[in-house]
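Residue-level structure breakdown
Chain by chain, the residues:
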Amino acid sequence: MIRAALAVVLLTAALPAQAQTIAITNGILATGDGTEPVQGGTVVIRNGRIVAAGAGIRIPADAQVVDATGKWITPGIVGGFSRLGLVEVDAVDATNDSEANNSPFSAALDVVPSINPLASAIAVNRHDGVTRAIVAPSTGKSIFAGQGAVIDTGADMEPITAARRFQFVELGESGAGTAGGSRSAAYALFRNALREASQLRRFAPSVQGGGGDQPDARLDPVVRDPNESRVFDAQRNDDVLLTRFDATALVPVLQGRQYLLVHVERASDILQVLGLKREFPSLKLVLVGASEGWTVADRIARAGVPVIASAVNDLPASFEQLAATQSNVGRMRAVGVQVAIGTIDDDDTRMVFRQRNYAGNLVALQRVPGASGVSWGEALAMITSRPAQAIGMGGEIGSIAAGRRGDVVVWSGDPLDGTSAAEMVFIDGVRQPLDNHQTRLRDRYRDLTKRDLPEAYRH
Amino acid sequence: MRTGRLAGAALALLALSGCASLAPKPKAAPPIKVNLNPYPSTYQRYAGVPTVIRGATVFDGEGQQINNGTIVFADGAIVGVGGADLPVPAGAQVIDGTGKYVTPGIIDVHSHLGNYPSPGVPAHSDGNESTSPARPEVWAEHSVWPQDPGFSRALINGGVTTFQVLPGSANLFGGRSVTLKNVPARTAQGMKFPGAPYGLKMACGENPKRNYGGKGQMPQTRMGNIAYARGVWLKAQAYKRKWDRYERNGGEMPERDIAMDTLRGVLAKQIIIHNHCYRADEMAQMIDMAKEFGYRIGTFHHAVESYKVADILAKEGICSAMWSDWYGFKMESYDGIKENIPFVHNAGACAIVHSDDPNGIQRLNQEAAKALADGIRAGVPNLSEPIAWTWLSRNPAYALGILDKTGTLKAGKMADVVLWNGNPFSHYSRPERVWIDGALMYDANDPKRRPVSDFELGQPGEGDVK
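The name given to chain B in an unreviewed UniProt entry is Amidohydrolase, with the source organism recorded as Sphingomonas lutea. UniProt's Cofactor (unreviewed entry) comment on chain B is quoted here verbatim: "Zn(2+)".

Chain A has the name Amidohydrolase family protein in an unreviewed UniProt entry, where Sphingomonas lutea is given as its organism.

Given below as structure tokens:
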């Protein structure tokens, strides 16, 4: 309970509306850990957490039983990289909080105040079995976009699972552009920024040790909110480029208390990023994109840096993606890279649900001669547990195992085949409503027969 | 050549007018025939062998499914489609299709492959001539880069055998479209679908008003969109009257205007309107404008709200080209629903799955699968996989005016055929072989049948499975 209380404080967790025990029984169960589905699977959720899962599980006497015979049961889909909740309509600037091109700040920007749990995109994705998402800001005038969060898609006003979980930076073509026109400029800016942070580091609070009931501070960074800066009065050199606020926000990145998600696509860029660990050994790097990752996959694997990739982009859409291929993910996985799927520059504000389709396509590649796909179990993991693990939250979300949050979806059929639909969605053990703007429109217009009153009265 | 003839005619006219007043009234010079096809297709089908696929499940594109079906094609054309008892010509290559599926090649009515090619650098941005709200004089084929790597991805992953390349939607009148066969070629003419009619891209809604309103120009509003377009149509009507009279009576040739040539072709029902239009209310207004000026709209593209006016579209005989689930990227796509395609179909209107996207074009079968499943779940009656395939080949062929040549597996039509390694409505299935005009253009088992564009040669990943 101490842990739960801490979670509230540290993670601003959404606790279930009511503590109850639910048993989802007799379905085709896939736990999201990379294994294949099993028949006759049961999941028991109590007080918002999974307490047992598998075949032959005893159903507690007090459980509310959901019969999932003939259905599939999986963990909720985790958006591997998205802008979910930051935007209502992309082209309507006033509703678009994904980037702040006119802000004087960059690294200090935090997506939390921008997340709208009532954004229609959240409900649309919840309808399709997406229960959590990694949400990053987009870059504005700097290579640093700011601090991203992990959210849930529950129908409540507490969307934040983990605030300020990571910093997001662009170091490929896009970063080169914002930094002044070259990758060299981007790296100079990056190094300078971390050095400015290092001048402030000694004033930052020490990392709290793990142990006991307390969460590991490195996994759940104790973010004595760096934005409420404890280093407010620190001395700095005169020679500074960053605002004090931005430099302060980079302290936890430098210390490895906050993940650093880096978007790069080109093979040479990937190697440059891996090389940053020599200079800044505490960095907790995650590669985002990595379209050419397969060409340097062994080196990514050796570095132990996880990748959140686009699944099926196979076009030389830019000069940094000349080697793009649908086999990228399969090939990286084959040599031991930990790969998750995200929607990178791909309708990332609204269409996280497409990750399901992408995962299915990776399975299909197994049957294309010469191509590299992944197994069904691994494909599901890539849109559930792998993104969670990439940012150190695999113990909390993304899979069905005792102790995890109760994010469970019951599907009409195989969730990686696009023809299936989510029939029941639980987040933190709470059954979620699945209607949204789209389903209401569908019901209003399914029959166009003229009635006594206009359509506006059909609801 | 034409100038020479013209000069001769003018001289003759002068000579006549010099005659005595008692001479009969001078006859007008006969009209000169204008070449309306100055950039003709040079496409020629590639060599194929007489081929039989047996034992496959066939979706014929007309709404029928044949289990344990047989398809025969030779000399570029489909010879016959039927059951296991269909006679097979001697000497034909026989492919065992057991456990596999055969369909007509997919046709995408909305692509920018070639005019927004990969890599998407500004030097390649050739889709929008956004220098005036009305640019009917531009032709998409003059922007098409035949080396776009996107063509091969659409072929080998998507089973796409034909597609229409459209200008973008910055303009009310964006220019002429071109329909291409998905074969690698050195020139755009080498891909041009022989005999396909031209289309004209029109746009309503947000894009034109944003593009020009942002520059302080008309149109800045939706009312400006319509007002501007009406003005252009008035000019087109006058131009058409002038040229019709000339072609009937001869005399002095009116001045040619290549912008107006296109619009005259629309008014003469020779060029098909492809109208980018999202919102239901705007579609109704575009229909009224078409009636005002006497032209027909062939297809509304990106028709996100067709489900709201599907009855009107059915009555007017207008197709809707739609996505399965795109929504929310701008206001006019805010009311997108996942049942749009099946609802339009259910109203008896022509439903098409389109991509407008170099990635989406590789998975149109999956988009149709999602729409089909959503439609069935919503209770739309009489939906089935063979019916849903009409959204991918028959209806787009109809929209492009090429249904007599392709789009269904019917004897005599072009042998544009895909053999899938499983049910193409499953995300787990992929094209195994693709024939265009009976020529095997892709074979998953043959690395040599995997096109590599000039751009990709010597680059990282050349010739890889894409």
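Looking only at helices and strands, chain A features 13 helices and 16 strands. Counting across all 459 residues of chain A, residues that qualify as buried make up 63%. Put simply, 68% of the contacts in chain A that link residues at least 6 apart link residues at least 24 apart. In the form shown here, chain A has an accessible surface area of approximately 16,700 Å², with 49% of it arising from carbon and sulfur atoms.

Here the focus is unusual backbone geometry. Of note, the bond from B:S118 into B:P119 is cis; its omega dihedral lies within 30 degrees of zero at -5°. Examined against the element boundaries, B:P119 turns out to sit in the loop between β6 (106-111) and α2 (150-156). Cis geometry marks the peptide bond from B:M218 to B:P219, where omega comes out at 0°. Tracing the backbone through its elements, the reader meets B:P219 in the loop between α3 (206-213) and α4 (222-249). Positive phi values are uncommon outside glycine, yet A:A290 reaches one of about 55°. Secondary-structure assignment places A:A290 in the loop between β11 (284-289) and α8 (297-303). Given a relative accessible area of 0%, A:A290 falls into the buried group. Residue A:D428 is not a glycine yet carries a positive backbone phi of 50°. By the element assignment, A:D428 lies in the loop between β15 (422-427) and β16 (430-431).

This brings us to the pairing of strand β13 (residues 319-322) of chain B. All names here are of chain B. Burial of β13 is two-sided: the residues C319 and A321 facing one way and the residues S320 and M322 facing the other way are all buried. Across three bridges, the pairing between strand β12 (residues 297-301) and β13 is parallel. Its bridge partner being in β13, F300 is matched across the sheet by S320. Of the crossover connections in this fold, the one passing from β12 over helix α7 (residues 310-316) to the parallel β13 is right-handed. Inspection of the sheet shows β13 paired to strand β14 (residues 351-353) by three bridges, in the parallel sense. Looking across to β14, one finds that S320 is bridged to A351. The parallel pair β13 and β14, bridged by helix α8 (residues 340-346), forms a crossover whose chirality is right-handed.

Our next topic: the UniProt feature "domain: Amidohydrolase-related" (unreviewed entry) in chain B. Per the UniProt entry, the sites bearing "domain: Amidohydrolase-related" (unreviewed entry) are residues 101-424 of chain B in this numbering. Between the first and last C-alpha atoms of residues 101-424 of chain B the distance is 7 Å; the span itself is 33% helix and 15% strand.

A separate point is the pattern of salt bridges. Residue and element names in this part refer to chain B. Following the criterion strictly, the structure yields 50 salt bridges over all chains and no others. With a closest N to O distance of 2.7 Å, K308 and D335 form a salt bridge. Separated by 27 residues along the polypeptide, K308 in the loop between β12 and α7 and D335 in the loop between β13 and α8 bring together distant segments of the chain. Residue classification places K308 among the buried positions, given a relative accessible area of 16%. The buried category is assigned to D335, whose relative accessible area is 14%.

Residue and element names in this part refer to chain B. Spatially, β8-β10-β11-β12-β13-β14 is the arrangement adopted by the six strands of the open sheet, whose pairing is mixed. At either end of the open sheet lies a strand with only one pairing partner, and these are β8 (173-176) and β14. If you compare each strand with its neighbour and ignore which way they point, the axes differ by 20° on average. In this structure, strand β10 (residues 199-203) lies alongside strand β11 (residues 272-276), joined through five bridges in parallel fashion. Bridge assignment links M202 to a residue of β11, and that residue is N275. Its contacts with the sheet place helix α6 (residues 280-293) against β10, β11 and β12, and it is angled at close to 160° to β12.

Residue and element names in this part refer to chain A. In total, this model carries 26 aromatic pairs over all chains according to the counting rule given. Plain terms: the ring middles of F105 and F245 are 5.2 Å apart, the flat faces sit at 85° to each other, and that makes the pair edge-to-face. Pair noted here: F105 is in the loop between β6 (77-82) and α2 (120-127) and F245 is in helix α5 (residues 244-249), with a separation of 140 residues, a long-range link. Its relative accessible area of 32% is what places F105 among the partly exposed residues.

What follows deals with helix α9 (residues 364-377) of chain B. Between its first and last C-alpha atoms α9(B) spans 20 Å; for 14 residues at 1.5 Å apiece the expected length is 20 Å, and the two agree. Taking burial as the measure, the 14 residues of α9(B) include twelve buried ones, the bulk of the element. All of the buried residues along α9(B) are B:L364, B:N365, B:Q366, B:E367, B:A368, B:A369, B:K370, B:A371, B:L372, B:A373, B:D374 and B:G375. Those residues of α9(B) that are buried are in contact with α10 (354-364) of chain A together with β6, α8, β14, α10 (385-389) and β15 (417-420) of chain B. Among the residues trailing α9(B), B:G379 stands out with phi positive, at a value near 90°.

All names here are of chain A. Of all the six residues making up β15, five are buried; the element is thus mostly covered by neighbouring parts of the structure. Here strand β14 (residues 408-411) pairs with β15 via four bridges, running antiparallel. Considered in β15, the bridge of V410 is made with M424.

What follows is about the domain arrangement of chain A. Note on interface size: it is often stated as the accessible area lost on association of the parts. Residue and element names in this part refer to chain A. If you check the domain split of chain A, you get domain 1 (18-75 + 398-433) and domain 2 (77-202 + 240-396). Taken residue by residue, the interface counts 32 residues in domain 1 and 33 residues in domain 2. Contact between domain 1 and domain 2 buries roughly 2,300 Å² in total, counting both sides, with carbon and sulfur atoms accounting for 54%. At the surface where domain 1 touches domain 2, the tally comes to four salt bridges.

With that settled, the discussion passes to the sheet that holds strand β9 (residues 178-181) of chain B. Residues and elements named next belong to chain B. Strands sit in the order β6-β7-β9 across an open sheet of three strands; the sheet is mixed. Either end of the sheet is taken by a strand with one partner, and the two such strands are β6 and β9. Between one strand axis and the next, the sheet turns through 20° on average, direction left out of account. Pairing between strand β7 (residues 160-165) and β9: four bridges, direction antiparallel. Paired with F163 across the two strands is L180, which belongs to β9.

Residues and elements named next belong to chain B. The predicted model of chain B has a mean per-residue pLDDT of 94, with 94% of residues at 70 or higher. Low pLDDT (under 50) marks residues 1-20, which in the prediction has ten contacts with non-local residues, meaning those over four places away or in another chain. Model confidence for the complex: the whole-complex pTM is 0.92, and ipTM, which rates the interface, is 0.93.

Let us now look at the packing of α4(B) against helix α5 (residues 258-267) of chain B. When two helices pack together, their arrangement is given by the angle between the helix axes and by the axis-to-axis distance. Residue and element names in this part refer to chain B. Here α4 crosses α5 at 80°, and the two axes come no closer than 9 Å. Compared by their axis directions, α4 and α5 come out roughly perpendicular. Where α4 abuts α5, its residues V232, W233, K235, A236, Q237, Y239, K240, W243, D244 and E247 lie against M260, D261, L263, R264, V266 and L267. Here the residues of the contact of α4 with α5 are counted per class, giving nine nonpolar, one polar and six charged.

Moving on to the packing of α4(B) against α6(B). Residues and elements named next belong to chain B. Viewed as axis vectors pointing N to C, α4 and α6 meet at an angle of 20°, and their least axial separation amounts to 10 Å. Overall, the two elements α4 and α6 adopt an arrangement that is roughly parallel. In this structure, α4 crosses over α6, and the sense of that crossing is right-handed. Contacts between α4 and α6 involve R222, I226, A229, R230, W233, L234 and Q237 from the first element and E282, Q285, M286, M289, E292 and F293 from the second.

Here the focus is the confidence of the model for chain A. All names here are of chain A. This prediction gives chain A a mean pLDDT of 91; 88% of its residues lie at or above 70. A low-confidence stretch, residues 1-17 (pLDDT under 50), is modelled with 30 contacts involving residues beyond four sequence positions or located in other chains. Throughout residues 206-223 the model reports pLDDT below 50, and contacts reaching past four residues in sequence, or to other chains, amount to 27 contacts.

Rules used throughout
- Residues numbered from 1 in each chain as written.
- Chains lettered and ligands numbered in written order.
- Predicted model: local features only at pLDDT ≥ 70, side-chain atom pairs only at ≥ 80, totals over all residues.
- Heavy atoms only, no water.
- UniProt positions renumbered as here; feature names shortened; annotations may be inferred.
- Helix = DSSP H or I, 4+ residues; strand = E, 2+ residues; numbered from the N terminus.
- Buried < 20%, exposed > 50% of the residue type's maximum accessible area, 1.4 Å probe, protein only.
- Contact = heavy atoms within 4.5 Å.
- Areas by Shrake-Rupley, 256 points an atom, 1.4 Å probe, with all protein chains shown as cover.
- Pairing = 2+ DSSP bridges.
- Right-handed = clockwise from strand over helix to strand, strands pointing away.
- Salt bridge = Lys/Arg side-chain N within 4 Å of Asp/Glu carboxyl O.
- Axes fitted to C-alpha atoms, helices over the stretch in contact; angles between N-to-C directions.
- Phe/Tyr/Trp six-rings, centres within 6.5 Å; stacked < 30°, edge-to-face > 60°.
- Expected span 1.5 Å × (residues − 1).
- Domains from an automatic or database assignment.
- Buried area = accessible area lost by both parts, 1.4 Å probe.
- pLDDT = per-residue confidence, 0-100.
- Parallel < 35°, antiparallel > 145°, perpendicular 65-115°, else oblique.
- Nonpolar A, V, L, I, M, F, W, Y, C, P; charged D, E, K, R; others polar.
- Left-handed = near helix turned anticlockwise from the far one by under 90°.

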